[in-house]
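Chain by chain, the residues:
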Amino acid sequence: MRRLKYILGIAVCLTFTKCKEDFLDAKSPSSVDDEFVTSTPAETFKILSWGYANYRQNSIMGTYRWNDPIGSDAEIYPEDNSSNNLNAILKPELLTIDAVSGGFNGLYATIARAAKAASLIAEKAEYKEDIAAGRTSAWTQLYGEAITMRAFCYYDLIKHFGDVPYGYENTIIEDYTLTSRFVIYDNLIEDLKRVEPFMYRIGEGGINAERFSRTLCNALIGQIALSSGGYQTIRTDIGDLYGNVTFTKKGNEVNKSVYARRSDYLNYYQIAKTYFQKALDNKGSAGLITADTRTVAKNPFQRHFQYAHDLQVSPESLFEIGNYQVGQTLTNGEYPYAFGRPSDGGSANAAPTKVFGALRIVPTVYYGEYRNDDKRRDVSVAVTGSKGDGNEMMLSFVPGNKNTGGISTNKWDDNRMNPPYVAAQRASGMNWPVLRMADVILMLAEAKAELGENDAIDLVNQVRQRAFGNSTNNLPALSGQALKEAILQERKLELLGEGTRRWDLIRSGTFPERAIAVQQEMATMINNIRTQGYHRFSNGNEIPAYIWTKMVNLPNPLTFDPDVSNPALYPGWRGQYDYTKIPAVASKVVGVNHNVAIQGLFRYIAPGSAEAIALQAQGYVRTNWGIDIATHESVYKRNLLSGITSAGDPPRYYWPIPSETIRQSKGKVTNGYGLPQP
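For the structure given in this document, a descriptive report is provided here. Keep in mind that what you see is a predicted model, and the values were worked out from it rather than measured. (Residues numbered from 1 in each chain as written. Predicted model: local features only at pLDDT ≥ 70, side-chain atom pairs only at ≥ 80, totals over all residues. Heavy atoms only, no water.)

With that out of the way, let us pick up the overall build of the chain. For the chain, the helix and strand inventory stands at 22 helices and 18 strands. In terms of C-alpha radius of gyration, the chain reaches 25 Å, essentially the compact-globule figure of 26 Å for 678 residues. Dimensions of the chain along its principal axes, counting C-alpha atoms only, are 80 × 60 × 50 Å. The proportion of buried residues among the 678 residues of the chain is 62%. Taking the contacts inside the chain whose residues are at least 6 apart along the sequence as the reference set, 73% of them involve residues at least 24 apart. Summed over all atoms, the accessible surface of the chain reaches about 23,900 Å², with 49% contributed by carbon and sulfur. Computed over 72 positive and 71 negative side-chain charges, the separation of the two mean positions in the chain equals 1 Å. (Helix = DSSP H or I, 4+ residues; strand = E, 2+ residues; numbered from the N terminus. Rg over C-alpha atoms; globule rule 2.2 N^0.38 Å. Buried < 20%, exposed > 50% of the residue type's maximum accessible area, 1.4 Å probe, protein only. Contact = heavy atoms within 4.5 Å. Areas by Shrake-Rupley, 256 points an atom, 1.4 Å probe, with all protein chains shown as cover. Lys, Arg positive; Asp, Glu negative; His and termini not counted. Charge placed at Lys NZ, Arg CZ, Asp CG, Glu CD.)

Tallied over the entire structure, the rule returns 39 aromatic pairs. Centre to centre, the rings of tyrosine 366 and tyrosine 367 are 5.3 Å apart; their planes meet at 85 degrees, and the pair counts as edge-to-face. Residue classification places tyrosine 366 among the buried residues on the basis of a relative accessible area of 0%. The exposure class of tyrosine 367 is buried, given its relative accessible area of 0%. (Phe/Tyr/Trp six-rings, centres within 6.5 Å; stacked < 30°, edge-to-face > 60°.)

Direction vectors running N to C along helix 14 (residues 437-450) and helix 16 (residues 480-494) enclose 165 degrees, while the axes themselves pass 9 Å from each other. Put simply, helix 14 runs roughly antiparallel to helix 16. Considering how the two elements wind past one another, helix 14 and helix 16 form a crossing that is left-handed. Residues Ala438, Asp439, Leu442, Met443, Ala445, Glu446, Ala449 and Glu450 of helix 14 touch helix 16, and the partners they reach there are Leu483, Lys484, Ile487, Glu490, Arg491 and Glu494. (Axes fitted to C-alpha atoms, helices over the stretch in contact; angles between N-to-C directions. Parallel < 35°, antiparallel > 145°, perpendicular 65-115°, else oblique. Left-handed = near helix turned anticlockwise from the far one by under 90°.)

One finds Leu157 and Val440 to be the most contacted residues of the largest nonpolar core, which totals 123 residues. Here the element with the most residues in this core is helix 6 (residues 138-161); it accounts for 14 residues. Discounting residues that sit within four places of it in the chain, valine 440 has contacts with Ala219, Phe276, Ala279, Leu280, Leu318 and Leu435. By size, the runner-up hydrophobic cluster in this structure holds 35 residues, among which are Val381, Val383, Leu493 and Ile543. (Core = buried A, V, L, I, M, F, W, Y, C linked by side-chain atoms within 4.5 Å.)

The topology assignment puts glycine 203 in the loop between helix 7 (181-195) and helix 8 (214-229). The sequence separation of glycine 203 and glycine 239 amounts to 36 residues, and the corresponding C-alpha distance is 48 Å.

So, about the environment of threonine 631. By secondary structure assignment, the location of threonine 631 is in helix 20 (residues 626-631). In sequence terms threonine 631 and proline 336 are 295 residues apart; their C-alpha atoms lie 29 Å from each other.

That is the geometry; function is a separate question.
Quick look at the structure:
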């Protein structure tokens, strides 16, 4: 009989068998011994498989990582007066102390399992022989995979909780305290540097992007270094927490916290540059998708996302969290349900089933920042959703969820599956995306730009050439702040809705001023819609108070590349799957006109004008559009980073450390940043 040991109020199973999850329940079933579970690489991988599953099921679901893609100058939450987005709007003081205890505990449980696996592998004679010989093997891969899993989870903890207890896993302790994030970052970087040479690249040794590879490990070192060297909100209430690290501070001290960057940050940008380049050099079979060989479309940017809909691992991915269609709740399709193109369908046997759509796009980004010929725009942002009966419908800016709440992400859409999974919501089987090659390329550009290396623009143009299909739209030579701004903007357009923008703004030191800027831009837009019926952006696009729509029939209701001459095909990449082809829901399809034709989406058509009258004669109906934003201005003000009220405010984006961890620390662990205490 083996024991469970408990650290920080978290149940941590030290045997590799099924464990009871009840808090402080010290009973454990009989288990096989460590020698057996590490008898072969295949048996040992089962340990890590538990870690991947626990991360997926108990660490990223619920409010914890669910908020990551929300809460920036580009991405907001759709509902009115909801508590789900208190962290996203930067009002964490309103959270309950145990709001995300499940995610916090889940991360530590995964860390403990990964650390235990690493310690067992390190004692294997085969592993020692391979390291001594300097060769990569299944054993060295598994060891590196375990260390990477541990680092990956600690990195998540720091991002979301700040300074946390560190290094106590798999030990019985009486006292514990907070460890400086900068100490943890340094330790993680050194751990990963040590193991990455002995891991397989993606495509080697049977490793794909659903497992940690050398490719991912290199990129993770870069990410951790960027985070350590970038701006972040730090505590000022614990005098010696950060030791000898000195800082450059910005803005005001609020709730005993301040926005700051370590003074020696360039050392970390150099590490980031080195290891992002290593990720590219060690990319294995991964790479930026630059061609689309499909006959139905010519959009290599969208091709990456189509792999998820086809239930395949994308060759552009460095890491995806594996999912499946049939299994436990919240492990098989939460990402497209939470962040996908909305649907009003029912929870089961609908066409398609319900998609909540917790992530909405700030309209100033869609209208004012994308060029109309950018292939990323229509793939990234949806203006229509699914009715649930085989028909497309306009999204509405009225606050709410599903097909209300505003324009949404379009990168995940049940309609793009062949066939869509219609038996139940949240069960599509699409993987949870974490990191892809375009992200790495642009982070490398960011590191190089901060180091004064102006060839960073070549990396940006690599990504832009895919976005526009040629080099005509390449950016010119840039340097200094202009180069940094260009990279930050390119990341915004490339990675919209993928959970990076919030962290980009924090790291760049620009979060408060950009929050104020987008709030002011939205206020101007709303005022113009209210007073003149539209707002014109600098690129010439107009968001009108009203648009004109009608339902039409297309031979193929699932649309692909845009056609500006056909209002049912512009914007592109929308429509519906032909659900008459799925026997289980064919009878639920209503009518034959499944597609929405839209007039006046990007230009103002005055109500009562000759053009409007002519459209109405053709069967078009005047439909509320921007006017609903104006009507519900107070909701948009609340949901758009309302926790920032001046450019001097430090962004407070952390979740509270749970109450049990604080209580058992004997006063050595507290919540900072104005977060609740037990």
